[in-house]
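# Results of the structural survey
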Amino acid sequence: MTFLKKIQIAPSILSADFFKLGEEIQNVISAGADWIHIDVMDNHYVPNLTIGPMICKSIRPHIQVPIDIHLMVEPVDQLIIQFAKSGADIITFHPEATRHLNRSLSIIHEYGCKAGLAINPSTSLNHIQYVMDKINVLLLMSVNPGFGGQKFIPSSLKKLSEARKLIDNWSMENNGQSIALEIDGGINSSTITSAFSAGADTFVVGSAIFETSNYVKAINSLRESINLNKA
Ligand code: DX5
Ligand code: ZN
């Protein structure tokens, strides 16, 4: 399974029709999804309640693309283990949600998964400073976590550029080792252009895919918005 290509489109199933979840997932994958993003919420760290490890386990045998688990739960360590055992490939959590960040990252690796840190709009990038060697994904939230369909927060662009610099410098000092820069919240075919220019390479997209009637068209239009920008 390839973890990192140049650009990842990661549909968030939060906006899918849960009555036909399996079909929805197969359809976005056929339409070109690179990762499947699963938003896990506990009505404690965020005011919403969504998906547990059972769902991850039932999806796993049916798909070949990486499963990208975004934990919006507190505490995180027990659920990391459960999601790892349920077939997750990437597990990302928020630094505020654990007492021992370094330890939580180690648990993810111990169970054979890639590790990510998720940074809220008002949270500092400083959290990653001493753990860059332990993260494979840096996820920047461009909305406040908890719900799909919110508006992209413009100050996320400045943060993305800062994160891009941190990652590139770190990568140069570490034999080109890569960290994906994932942006999550309010991404659609217009906001994706500036998020890409600011340095993101991985794009979580919920409503702008699942609330359309044609997933091929939606994903193509996201990719085109990036390509137009490159030209
Ligand atoms: C919000 C979630 C996002 C969200 C994305 O807490 O982390 O993944 O579902 O949905 P859209 O693309 O609709 O903002
Ligand atoms: Zn998410």
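Residues numbered from 1 in each chain as written. Chains lettered and ligands numbered in written order. Predicted model: local features only at pLDDT ≥ 70, side-chain atom pairs only at ≥ 80, totals over all residues. Heavy atoms only, no water.

### Details of the packing of helix 3 (residues 77–85) against helix 4 (residues 101–110)
What describes two packed helices is the angle between their axes and the distance between those same axes. Two elements in contact, helix 3 and helix 4, have axes separated by 9 Å at closest approach and are oriented at 15 degrees. In terms of axis orientation, helix 3 runs roughly parallel to helix 4. Viewed along their axes, helix 3 and helix 4 form a crossing whose handedness is right-handed. From helix 3, Asp77, Ile80 and Ile81 reach across to helix 4, where they touch Arg103, Ser104, Ile107 and Ile108. (Axes fitted to C-alpha atoms, helices over the stretch in contact; angles between N-to-C directions. Helix = DSSP H or I, 4+ residues; strand = E, 2+ residues; numbered from the N terminus. Parallel < 35°, antiparallel > 145°, perpendicular 65-115°, else oblique. Left-handed = near helix turned anticlockwise from the far one by under 90°. Contact = heavy atoms within 4.5 Å.)

### Things to note about the pattern of salt bridges
Across all of its chains, the model carries five salt bridges by this definition. One salt bridge connects glutamate 162 with lysine 158, and the closest N-O pair in it is separated by 3.1 Å. Taken as a pair, glutamate 162 and lysine 158 lie in helix 5 (residues 156–173) at a separation of four residues, close to a single helical turn. Assessed through its relative accessible area of 61%, lysine 158 is described here as exposed. Taken together, the salt bridges that share partners define one network made up of Arg164, Asp168 and Asp201. (Salt bridge = Lys/Arg side-chain N within 4 Å of Asp/Glu carboxyl O. Buried < 20%, exposed > 50% of the residue type's maximum accessible area, 1.4 Å probe, protein only.)

### Structural notes on the sheet that holds strand 1 (residues 8–11)
Strand order in the open sheet formed by eight strands is 1-8-7-6-5-4-3-2, with parallel pairing between adjacent strands. Of all strands in the sheet, those bounded by a partner on one side alone are strand 1 and strand 2 (36–41). Between one strand axis and the next, the sheet turns by 25 degrees as a mean value, whatever way the strands run. Two elements, strand 5 (residues 114–119) and strand 6 (residues 137–141), share four bridges in a ladder whose sense is parallel. When the bridges of strand 6 are listed, alanine 118 appears paired with leucine 139. Here helix 3 sits on the sheet and contacts strand 2, strand 3 (67–72) and strand 4 (90–93); the angle it forms with strand 4, its principal contact strand, is near 160 degrees. (Pairing = 2+ DSSP bridges.)

### As for the nonpolar core
The biggest cluster of nonpolar side chains holds 72 residues, and the ones touching the most others in it are Ile13, Ile69, Leu71, Ile91, Leu138 and Phe203. Not counting residues up to four positions away in its chain, the partners in contact with isoleucine 91 are Ile69, Leu71, Ile80, Phe83, Ala84, Ile108, Cys113, Lys114, Ala115 and Gly116. Phe3, Trp35, Ile90 and Ala180 belong to the second largest nonpolar core, which has seven residues in total. (Core = buried A, V, L, I, M, F, W, Y, C linked by side-chain atoms within 4.5 Å.)

### Quick look at the coordination of the zinc ion (ligand 2)
His37 (NE2), Asp39 (OD), His70 (ND1) and Asp184 (OD) make up the full set of protein donors to the zinc ion (ligand 2), lying at 2.0 to 2.3 Å. For the zinc ion (ligand 2), the single-chain donor residues occur in sequence as H-x1-D-x30-H-x113-D. Placement of the pair is aspartate 39 in strand 2 and histidine 70 in strand 3, with a sequence separation of 31 residues. What makes histidine 70 buried here is its relative accessible area of 0%. (Donors = N, O, S within 2.8 Å, 3.2 Å for Na, K, Ca; no water.)

### Here we look at the site of ligand 1
For ligand 1, the set of nearby residues contains 20 residues, the closest of which are Asp39, Gly149, Asp184, Gly206 and Ser207. Serine 12 has a polar side-chain atom sitting 3.2 Å from an oxygen atom of ligand 1. Between aspartate 184 and ligand 1, the recorded distance is 2.7 Å, taken from a side-chain N or O atom to an oxygen atom. Its atoms largely coinciding with the cavity grid, ligand 1 occupies the largest pocket. Counting residues per element, the ones that place at least two in the shell around ligand 1 are strand 2, strand 3 and strand 8 (202–205). For the shell around ligand 1, the element with the most residues is strand 2, which contributes three residues. (Near = heavy atom within 4 Å. Polar contact = N/O pair within 3.5 Å; in protein donor to acceptor, adjacent residues only side chain to side chain. 1 Å grid on protein atoms, 1.4 Å probe; cavity = no way out; pocket = protein on both sides within 12 Å on 5 of 7 lines; lining within 4 Å. Sits in = over half its atoms within 2 Å of the grid points.)

### Some points on helix 5
Taking 1.5 Å of rise per residue, 18 residues should cover 26 Å, and helix 5 covers 26 Å from first to last C-alpha, within 8% of that figure. Inspection of helix 5 places Ser156, Lys159, Leu160, Ala163, Arg164, Ile167, Trp170 and Ser171 among the buried residues, and these make up the whole buried set. Projected down its long axis, helix 5 shows its buried positions confined to an angular sector of 145 degrees, all on one face. Opposite the buried face of helix 5, at more than 90 degrees from it, the exposed residues are Lys158, Lys165, Met172 and Glu173. If you follow the buried residues of helix 5, they end up packed against strand 5, strand 6, strand 7 (180–184) and helix 6 (191–197). (Expected span 1.5 Å × (residues − 1). Arc of directions from axis to C-beta.)

### Focus on the layout of surface pockets
By volume, the largest pocket amounts to about 300 Å³. Around the largest pocket, the lining is made up of 28 residues, and of these Phe147, Gly148, Gly149, Gly185 and Gly186 lie nearest the centre. Looking at the lining of the largest pocket, the elements with two or more residues in it are strand 2, strand 8 and helix 7 (207–210). (Points joined across faces, edges and corners; volume = space filled by probe spheres on them.)

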